Amino acid sequence: MSKKIFSGVQPTGNLHLGNYLGAIKNFVNLQKEKENICIYCVVDLHAITIKQDPEILKKNIRETTAVFLASGLDPKKSIIFNQSMVSSHAEGAWILGCVARMGWLNRMTQFKEKAGKDKEKASVGLYIYPILMASDILLYDATHVPVGEDQKQHLELTRDIAQKFNSDFNAPNFLIEPEPLIQQNFSRIMSLKDGKKKMSKSDPSDQSRINLTDNKDQIVNKIKKAKTDSGILPDNDSDLQKRPELNNLYGIFSSIQDQNLDLTIDEFKGKNFSDFKNSLSDALVEKIYPISLEINKLLKDERYIDEILLSGASKAEKIASKKVNDIKKKIGF
Ligand code: AMP
Ligand code: TRP
């Protein structure tokens, strides 16, 4: 059955292996199914919920687009654009913000994590961020949204908003309730320094993540230094599950090789840590380094990237502005 896919990635720099394995790799697989309509957005309006330097933001918008292209997204098959160029997203967010309830937003765990201890100092934008995300999705009638595990709650909120709008305005099925597409395995890639912390763009330690722009030496070094424990390599899953750092590295290897975890356990049982780490580095260099090379090549041609975004925005605008107009009619404007 044909699916309408929408997803977004923030242009906040340092795109890493977690973004790739948790989300972008899935974007590319969905694009391969010919009957799918795929829309992928560089969500720059979301990025400014935390203060950004304008020059760096501009660079990061192009870099995120380059990551999409280098990973295999094709502007002939998917719509690729940046959010701020389609004003309907912000307009839709205002209207949906009048449907969403404070109590729903107060439950969002990502806000609590990002706002930190001093919530009074967080931007209002950070608080209403999930409403803009709902607008992104609902304006395209997206049926499926590929994201990492951390976005599940935002998708549930999107469904709640759609349901309430449809019921408040007596418009059954007018806003489509989207399904999250979360990879069953390895949907949460953890830090290379701490198996209990998510791999993240904002971790101050560059050693905690493999960036998609890392060169060969950086990849090999980061894996060499990645935290492990002093046990022997596991021969069963229940042993592995008790060892967060190793579990993460085994997950990364399995995901990169598209094989299940049991096969990875079998492949390395009885071997040395160095054998495993060498194989992991080789696999990453084989699959991630070509992406890094391509990103760097693409970034040399800013005009090419800008043209892709412009042409994507014009296609997106047609879809989104029509839906916002329909929404306005339902409301009585
Ligand atoms: P963000 O970097 O927050 O814009 O996230 C872009 C996409 O990558 C989202 O779908 C996230 O869920 C996903 N993602 C971010 N970090 C990770 C991680 N450590 N593991 C798996 N997926 C992730
Ligand atoms: N909030 C998402 C993240 O941080 C990014 C995002 C914005 C998004 N709008 C979206 C993802 C719409 C999916 C669909 O990862």
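Because the structure is predicted, anything quoted here is derived from the model rather than measured.

A. Seen up close, the packing of helix H11 (residues 244–257) against helix H12 (residues 261–268). It is the contact of H11 with H12, at a shortest axis distance of 9 Å, that shows an interaxial angle of 105°. As summarised for this structure, H11 and H12 are arranged roughly perpendicular, according to the angle between their axes. Listed contacts from H12 to Asn-247, Tyr-250, Gly-251, Phe-253 and Ser-254 of H11 are Leu-261, Thr-264, Ile-265, Glu-267 and Phe-268. Class assignment for the residues of the contact of H11 with H12 results in five nonpolar, four polar and one charged.

B. Region of interest: the side chain of Thr-264. With respect to the secondary-structure elements, Thr-264 resides in helix H12. Not counting residues within four places of it along the chain, the set of residues in contact with Thr-264 comprises Tyr-250, Phe-253, Ser-254 and Gln-259.

C. Quick peek at the pairing of strand S1 (residues 4–9). When S1 meets strand S2 (residues 37–42), the two strands line up parallel, connected through six bridges. Bridged to Val-9 within S2 is Val-42. Once you follow S1 into helix H1 (residues 17–32) and on to S2, the crossover reads as right-handed.

D. The domain arrangement of the protein chain, seen in detail. Each assigned domain of the protein chain is listed here: domain 1 (4–188 + 302–331) and domain 2 (206–297). Placing the centre of domain 1 and that of domain 2 at their C-alpha centroids yields a distance of 30 Å. Facing 14 residues of domain 1, the contacting portion of domain 2 comprises 19 residues. Regarding the contact of domain 1 and domain 2, the summed buried area is about 1,400 Å², with carbon and sulfur atoms giving 73% of it. Contact with domain 2 buries area across many residues of domain 1, yet Leu-17, Ala-70 and Phe-186 alone supply 41% of it, more than any other trio. Counting across the interface, domain 1 meets domain 2 through one salt bridge.

E. Focus on helix H9 (residues 216–225). For H9, every residue scored as buried is listed here: Ile-219, Lys-222 and Ile-223. Projected down its long axis, H9 shows its buried positions confined to an angular sector of 95°, all on one face. Of the residues in H9, the exposed ones pointing more than 90 degrees away from the buried face are Asp-217, Lys-224 and Lys-225. Turning to H9, the residues buried within the fold contact helix H13 (273–287) and helix H14 (289–299). Capping the start of H9, Asn-215 holds a side-chain oxygen 3.2 Å from the backbone nitrogen of Asp-217, two or three residues further along.

F. How the structure looks around the site of ligand 2. Residues in contact with ligand 2 amount to 13 residues; listed here are only the nearest, Gln-10, Tyr-129, Met-133, Asp-136 and Gln-151. In the model, an oxygen atom of ligand 2 is placed 3.2 Å from a nitrogen or oxygen of the Gln-10 side chain. For ligand 2, a nitrogen atom lies 2.7 Å from a polar atom in the side chain of Tyr-129. Burial of ligand 2 by the protein chains amounts to 91% of its free accessible area of 370 Å². Because more than half of its atoms lie within 2 Å of the grid, ligand 2 is assigned to the largest pocket. Of all the secondary-structure elements, those providing two or more residues to the shell around ligand 2 are S1 and helix H7 (124–138).

Rules used in this analysis
- Residues numbered from 1 in each chain as written.
- Chains lettered and ligands numbered in written order.
- Predicted model: local features only at pLDDT ≥ 70, side-chain atom pairs only at ≥ 80, totals over all residues.
- Heavy atoms only, no water.
- Axes fitted to C-alpha atoms, helices over the stretch in contact; angles between N-to-C directions.
- Helix = DSSP H or I, 4+ residues; strand = E, 2+ residues; numbered from the N terminus.
- Parallel < 35°, antiparallel > 145°, perpendicular 65-115°, else oblique.
- Contact = heavy atoms within 4.5 Å.
- Nonpolar A, V, L, I, M, F, W, Y, C, P; charged D, E, K, R; others polar.
- Pairing = 2+ DSSP bridges.
- Right-handed = clockwise from strand over helix to strand, strands pointing away.
- Domains from an automatic or database assignment.
- Buried area = accessible area lost by both parts, 1.4 Å probe.
- Salt bridge = Lys/Arg side-chain N within 4 Å of Asp/Glu carboxyl O.
- Buried < 20%, exposed > 50% of the residue type's maximum accessible area, 1.4 Å probe, protein only.
- Arc of directions from axis to C-beta.
- Polar contact = N/O pair within 3.5 Å; in protein donor to acceptor, adjacent residues only side chain to side chain.
- Near = heavy atom within 4 Å.
- Areas by Shrake-Rupley, 256 points an atom, 1.4 Å probe, with all protein chains shown as cover.
- 1 Å grid on protein atoms, 1.4 Å probe; cavity = no way out; pocket = protein on both sides within 12 Å on 5 of 7 lines; lining within 4 Å.
- Sits in = over half its atoms within 2 Å of the grid points.

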